[in-house]
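# Coordinate analysis (summary)
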Amino acid sequence: MFDKSRQQQGAADMASKAKQGKQWSLKDFEIGKPLGRGKFGSVYLAREKESKYIVAIKVLQKSQLLKAGVEHQLRREIEIQSHLRNRHILRMYGYFYDAKRIYLILEYSPGGELFKRLTQKGRFSERTSARYITDLAMALDYCHSKHVIHRDIKPENLLLGAYSEIKIADFGWSVHAPTSRRNTLCGTLDYLPPEMVEGRDHDEKVDVWSLGILLYEFLYGFPPFEAEGHSATYRRISRVDLRFPSKPTVSHEAKDLIRRLLVKDPSKRMALQDIPSHPWVVANTKKV
Ligand code: AMP
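Here the structure is a predicted model, which is why all the values come from computation and not from measurement.

The local shell around the ligand holds 13 residues, among which Gly38, Lys58, Glu107, Ser109 and Glu113 are the closest. Between the ligand and glutamate 107, the relevant distance is 2.8 Å, taken from a nitrogen atom to a main-chain nitrogen or oxygen of the residue. Take glutamate 113: an N or O atom from its side chain is 2.4 Å from an oxygen atom of the ligand. A molecule is said to occupy a pocket when more than half its atoms come within 2 Å of that pocket's grid points, and by this definition the ligand occupies the largest pocket. At the level of secondary structure, the elements contributing two or more residues to the shell around the ligand comprise strand E1 (29–37) and strand E3 (54–61). For the shell around the ligand, the element with the most residues is E1, which contributes 3 residues. Class assignment for the residues of the shell around the ligand results in 6 nonpolar, 3 polar and 4 charged.

As structure tokens, this is what we get:
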């Protein structure tokens, strides 16, 4: 079972080993059940033999990474994710490799994919959405303070921890700010801000936009600029063609926050630090 104090001690042991630059190998772990499959390999539950700490190990096939030409991206992901320390960012303890594979040692997130939860439930309540959005806003603010832009915030890249706390899991598209036009058109179109679909320079404000898309999707069950085909989605994003259907019912205050996040001019988007004091967030994160 998931033992809290043992996990905490194990986490501290893993962190200190990582800090000392430990060279990990497969022999340090007992490998358990598969947790899921990604584009370049699989993720397994695993236990570090010495500390008994439960982790997730992502196994990536070198041949597939080379074929897709994403080695550089993976290097950046490891460099960025292994240096971030935040309760709402999935911790990366380290990595190792053999002739065929690369292994990433990750914090285990027992709640699984947020996307799956959202699909099962259809949509989230205003209380749940407010908590997720505030936690993400604070985690992204932390990233930005380290000059890291995530650029790919969407339900597929979010996991849930042992206490249903949200965790940003995938830094595959993240970059060190500032960034230029070269890096446009990555990720799903639905979540991209106008400046990225239009191929303009962009900065950390792209993450504020995707938080607005995410909040809309949490409350309605689908993203706001969905359309038939790429060019129709592109046009809706570029015009900020934001519509609120009458069903399901969503409060005016929640819509107000969405409108403040989905602003075409990046410099006029709400600051991440102001999200926790927005009246809708305050009302919905109050302890009952
Ligand atoms: P990915 O290759 O990152 O897309 O991961 C594939 C799947 O494995 C995800 O969709 C999750 O269901 C699962 N998974 C990945 N990382 C973890 C983790 N740290 N803890 C628990 N499950 C995970």
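This is not the end of the story, as more comes after the structure.
Turning our eyes to something else, we now look at helix H5 (residues 126–145). Given a rise of 1.5 Å per residue, 20 residues ought to cover 28 Å, and the 28 Å separating the end C-alpha atoms of H5 matches this to within 8%. Counting buried positions along H5 yields 14 of 20 residues, so the element is predominantly enclosed.

Before going further, it helps to spend a moment on the layout of surface pockets. If a probe as big as a water molecule is rolled over the atoms, it shows which places are left empty. For the largest pocket, the calculated volume is near 1200 Å³. Around the largest pocket, the lining is made up of 42 residues, and of these Gly38, Lys58, Glu156, Asn157 and Asp170 lie nearest the centre. Listing elements by their share of the lining of the largest pocket, those giving two or more residues are E1, strand E2 (41–48), E3, helix H3 (71–81), strand E5 (101–107), strand E6 (112–113), helix H4 (114–121) and strand E8 (158–160). Among the residues making up the lining of the largest pocket, the classes are represented as 18 nonpolar, 11 polar and 13 charged. Space inside the second largest pocket adds up to approximately 420 Å³. Forming the boundary of the second largest pocket are 19 residues, of which Tyr53, Glu107, Tyr163, Glu165 and Lys167 lie nearest the centre.

Turning next to the confidence of the model for the chain. Looking at the chain, the pLDDT average stands at 90 and 94% of residues meet or exceed 70. No element of the chain has a lower mean pLDDT than strand E10 (residues 175–176), which averages 66, and none a higher one than helix H9 (residues 252–261), which averages 98. Confidence drops under pLDDT 50 across residues 180–187; counting only partners more than four residues distant or on other chains, this segment forms 21 contacts.

Rules used throughout
- Residues numbered from 1 in each chain as written.
- Predicted model: local features only at pLDDT ≥ 70, side-chain atom pairs only at ≥ 80, totals over all residues.
- Heavy atoms only, no water.
- Near = heavy atom within 4 Å.
- Polar contact = N/O pair within 3.5 Å; in protein donor to acceptor, adjacent residues only side chain to side chain.
- 1 Å grid on protein atoms, 1.4 Å probe; cavity = no way out; pocket = protein on both sides within 12 Å on 5 of 7 lines; lining within 4 Å.
- Sits in = over half its atoms within 2 Å of the grid points.
- Helix = DSSP H or I, 4+ residues; strand = E, 2+ residues; numbered from the N terminus.
- Nonpolar A, V, L, I, M, F, W, Y, C, P; charged D, E, K, R; others polar.
- Expected span 1.5 Å × (residues − 1).
- Buried < 20%, exposed > 50% of the residue type's maximum accessible area, 1.4 Å probe, protein only.
- Points joined across faces, edges and corners; volume = space filled by probe spheres on them.
- pLDDT = per-residue confidence, 0-100.
- Contact = heavy atoms within 4.5 Å.

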